[in-house]
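Chain by chain, the residues run as shown.
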Amino acid sequence: MCCMTAASSHTGRLLVATPVLTDPNFARSVVLMLDHDEQGALGVVLNRPTPVEVGDVLDGWADLTGDPHVVFQGGPVGLDSALAVAVVPGEPGPGDPLGWRRVHGAIGLVDLEAPPQLLAGELGGLRVFAGYSGWTPGQLEAEIDEGAWYLVDVEPGDISCPHPELLWRAVLRRQRGALAMLATYPEDPTLN
């Protein structure tokens, strides 16, 4: 039986795919961990934009999303469902906006059933995701131990990076030591 503490939870951190992770769902992905406890883990891939415009599937939310104004594929699970993540600056407390639940720091989940105008002046960096990434109890820890993921701190700007195709390199580049050097790792090392 696993006894996870808040200190061992990866909620609010980023998983960055290592160069050896070649699964097409996760190669060069950056995953924001939304929940991680003894029941398993759940996150969304921050750098997989789709061609689907937010306004085509969710009325009223497109104007609140960051550029690009498209739905992102959050992962291979539940592709017929949507969830949204946004940044709301400030300290946790009773002043948190209705329709937004803090996950970690300034990052939280948006209730897409709430009227968009309720949150219009409160949100920064809104992203909408189709699907999510999920792990059963112990699965994520095993993948980290096997070297599939780097675990790093999130910055609020990661949520709404205007150039998601550059996010993997950008997150690695800001790390210290050897991880920063991996930002230059070629997509196909055999062509080097």
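Refer to the structure above for everything that follows.
Below: a short report on this structure. Sequence positions are assigned chain by chain, starting from 1 and proceeding in written order. Predicted model: local features are reported for residues with pLDDT of at least 70 only, side-chain atom pairs are reported and counted for 80 or more only, and whole-chain, interface and lining totals are derived from all residues. Side-chain numbers here rest on the full set of heavy atoms in the structure, without hydrogens or water.

### Quick notes on the pattern of salt bridges
Opposite charge on two side chains permits pairing when their charged atoms draw close. The rule for a salt bridge is simple: a side-chain nitrogen of Lys or Arg has to be within 4 Å of a carboxyl oxygen of Asp or Glu. Scanning the model with the defined rule gives 4 salt bridges in all. With a shortest N-O distance of 3.1 Å, Arg 13 and Asp 153 are connected by a salt bridge. Taken together, the positions of Arg 13 in strand β1 (residues 13–17) and Asp 153 in strand β10 (residues 149–153) put the pair 140 residues apart, joining distant regions of the chain. Classification of Arg 13 as partly exposed rests on a relative accessible area of 25%. As a salt-bridge pair, Arg 102 and Asp 96 come within 2.6 Å of each other at their nearest N and O atoms. Judged by relative accessible area, Asp 96 falls into the partly exposed class, the value being 24%. Among the ionic contacts, a cluster of salt bridges with common partners joins Glu 155, Asp 158 and Arg 174. Secondary structure elements are taken from DSSP: a helix is a run of H or I of four residues or more, a strand is a run of E of two residues or more, and numbering for both begins at the N terminus. Per-residue accessibility, obtained with a 1.4 Å probe over protein chains only, is compared with the maximum for each type, and a residue is labelled buried under 20%, exposed over 50%, and partly exposed between these values.

### Notes on the packing of aromatic side chains
Any pair of aromatic rings gets described here by the distance separating the centres and the angle formed by the planes. Only the six-membered ring of Trp is used, alongside the rings of Phe and Tyr, when aromatic pairs are assigned; centres must lie within 6.5 Å, and planes under 30 degrees apart are stacked while those over 60 apart are edge-to-face, with the rest tilted. Enumeration according to the criterion identifies 4 aromatic pairs in this entry. In this structure an aromatic cluster arises from ring pairing among Phe 26, Trp 135 and Trp 149.

### Quick word on unusual backbone geometry
Cis geometry is found at the peptide bond from Asp 67 to Pro 68, where omega equals 0°. Summarising the element assignment, Pro 68 is placed in the loop between α1 (54–57) and β5 (70–73). In the Ramachandran plot, Arg 28 falls in the positive-phi region, its phi being about 55° despite a non-glycine side chain. With respect to the helices, strands and loops of the structure, Arg 28 is situated in the loop between β1 and β2 (30–37).

### With respect to the nonpolar core
Among the nonpolar cores identified, the biggest contains 39 residues, and Leu 32, Leu 46, Val 85 and Trp 149 are the most heavily contacted of them. With 5 residues, β2 is the single largest residue contributor to this core. Any two residues having at least one pair of non-hydrogen atoms within 4.5 Å are treated as being in contact. Ignoring sequence-local partners within four residues, the contact set of Trp 149 consists of Leu 15, Val 16, Ala 17, Thr 18, Leu 21, Phe 26, Ser 29, Val 31, Trp 135, Leu 140, Glu 143 and Ile 144. Buried Ala, Val, Leu, Ile, Met, Phe, Trp, Tyr and Cys residues form a nonpolar core when they are joined through side-chain atoms within 4.5 Å. Judged by nonpolar contacts, the second largest core, of 17 residues, contains Ala 84, Leu 119, Val 128 and Ala 130.

### With respect to the pairing of β5
In short, DSSP must find at least two bridges between two strands for them to pair. Looking at chain direction, strand β4 (residues 49–53) and β5 are connected through 2 bridges and run antiparallel. Each bridged residue has a counterpart across the sheet, and for Pro 49 the counterpart in β5 is Phe 72. Relative to strand β9 (residues 124–135), β5 is paired through 2 bridges, and the arrangement is parallel. Looking at the pairing, Phe 72 lines up with Phe 129 of β9.

### Section: the environment of Leu 32
Here Leu 32 shows up in strand β2. In sequence terms Leu 32 and Gly 12 are 20 residues apart; their C-alpha atoms lie 6.6 Å from each other. Residue contacts for Leu 32: discarding those within four places in its chain leaves Gly 12, Arg 13, Leu 14, Leu 42, Gly 43, Val 44, Leu 46, Val 85, Ile 107, Val 154 and Ile 159.

### Concerning the environment of Glu 113
Note that Glu 113 resides in the loop between β8 (107–110) and α2 (116–119). C-alpha of Glu 113 to C-alpha of Gly 99: the two residues are 14 residues apart in sequence and 8.2 Å apart in space.

### Let's talk about the environment of Gly 108
Locating Gly 108 in the fold gives a position in strand β8. Looking at Gly 108, the relative accessible area reads 0%, which means it is buried. Sequence-wise, Gly 108 and Pro 156 are 48 residues apart; in three dimensions their C-alpha atoms are separated by 10 Å. Look past the residues within four positions of Gly 108 in its chain and what remains in contact with it is Ala 84, Val 85, Ala 86, Trp 100, Arg 101, Arg 102 and Val 103.

### Considering the side chain of Thr 18
Here Thr 18 shows up in the loop between β1 and β2. Polar contact criterion, stated in full: a pair of N or O atoms within 3.5 Å, where within protein one must be able to donate a hydrogen and the other to accept it, and residues adjacent in sequence count only if both atoms are side-chain atoms. A polar contact is formed between the side chain of Thr 18 and the backbone oxygen of Gly 147, at a distance of 2.7 Å. Excluding residues that lie within four positions of it along the chain, Thr 18 makes contacts with Gly 147, Ala 148, Trp 149 and Tyr 150.

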